[in-house]
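Residue-level structural notes
If you want the building blocks of each chain, they are given just below.
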Amino acid sequence: MFFDPLYLLFLAPGMLLAMWAQWRIKSAYDNASRIAPRSGYSGAEAAHALLQRFGLDDVRIEPTQGYLSDHYIPGEHVLRLSPDVYAGRSLAALGVAAHETGHAFQDATRYPRLCYGLAIPPPNA
């Protein structure tokens, strides 16, 4: 079996960049997790308020397991928030919840670049 060390020369920068980006995201989240919002909202309450404000009553908000495993499922109209975001009362929780709620807005406006996945085709596809 042949292994070319030059392969590592091309692979290493990408891996280092990915590790640096992941570290930056985790650091920013950890820092913002220490700051309480003035509203006192949890992530789930903030997502609910945003959805109500813009008339998206068909989107369910559910807790899910994991750390920063938050996601929106377009075909099911389900917003799933990790425990730290769902019940968390921090700027980090509100930011992540608002970001994921943005995907629900994209779905409602049929934003063409929203990733619908392989199992769920985009509307009117």
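Structure first, text after, so check above.
Scope of this entry: the structure provided in the associated data block. Source: prediction; values computed, not measured.

1. Structural notes on a nonpolar patch on the surface
Taken together, Phe3, Tyr7, Leu8, Leu11 and Met15 make up a surface patch of nonpolar side chains, about 500 Å² in accessible area. According to the relative accessible area criterion, Leu11 is partly exposed, its value standing at 32%.

2. Considerations on the environment of Pro37
Structurally, Pro37 can be placed in the loop between helix 1 (6-32) and helix 2 (43-53). By relative accessible area, which is 12% here, Pro37 ends up buried. For Pro37 and Pro112, which are 75 residues apart along the polypeptide, the C-alpha to C-alpha distance reads 33 Å. The contacts of Pro37, once residues within four sequence positions are left out, are Arg89, Ser90, Leu91 and Leu94.

3. Quick notes on the pattern of salt bridges
Within this structure, the stated rule accounts for five salt bridges. A salt bridge links Arg89 to Glu45, with the nearest nitrogen and oxygen atoms 2.9 Å apart. With Arg89 in the loop between helix 3 (83-86) and helix 4 (91-108) and Glu45 in helix 2, the pair connects residues that are 44 residues apart, well separated along the chain. Classification of Arg89 as partly exposed rests on a relative accessible area of 46%.

4. A look at the sheet that holds strand 2 (residues 71-73)
If you walk across this open sheet you meet the three strands as 1-3-2, and the pairing is mixed. With partners counted over all chains shown, the strands left at the sheet margins are strand 1 (60-63) and strand 2, one partner each. Going across the sheet, the axis of each strand differs from the next one's by a mean of 25°, ignoring polarity. Pairing analysis gives four bridges linking strand 1 to strand 3 (residues 78-81), with the strands arranged parallel. Looking at the pairing, Pro63 lines up with Leu81 of strand 3. Relative to strand 1, helix 2 is tilted by about 170°, and along the sheet it contacts strand 1 and strand 3. Sitting on the sheet, helix 4 is in contact with strand 2 and strand 3, with an inclination near 20° to strand 2.

Criteria and thresholds
- Residues numbered from 1 in each chain as written.
- Predicted model: local features only at pLDDT ≥ 70, side-chain atom pairs only at ≥ 80, totals over all residues.
- Heavy atoms only, no water.
- Patch = residues over 30% accessible without salt bridge, like charges linked within 9 Å, V, L, I, M, F, W, Y side chains within 5 Å.
- Areas by Shrake-Rupley, 256 points an atom, 1.4 Å probe, with all protein chains shown as cover.
- Salt bridge = Lys/Arg side-chain N within 4 Å of Asp/Glu carboxyl O.
- Buried < 20%, exposed > 50% of the residue type's maximum accessible area, 1.4 Å probe, protein only.
- Helix = DSSP H or I, 4+ residues; strand = E, 2+ residues; numbered from the N terminus.
- Contact = heavy atoms within 4.5 Å.
- Pairing = 2+ DSSP bridges.
- Axes fitted to C-alpha atoms, helices over the stretch in contact; angles between N-to-C directions.

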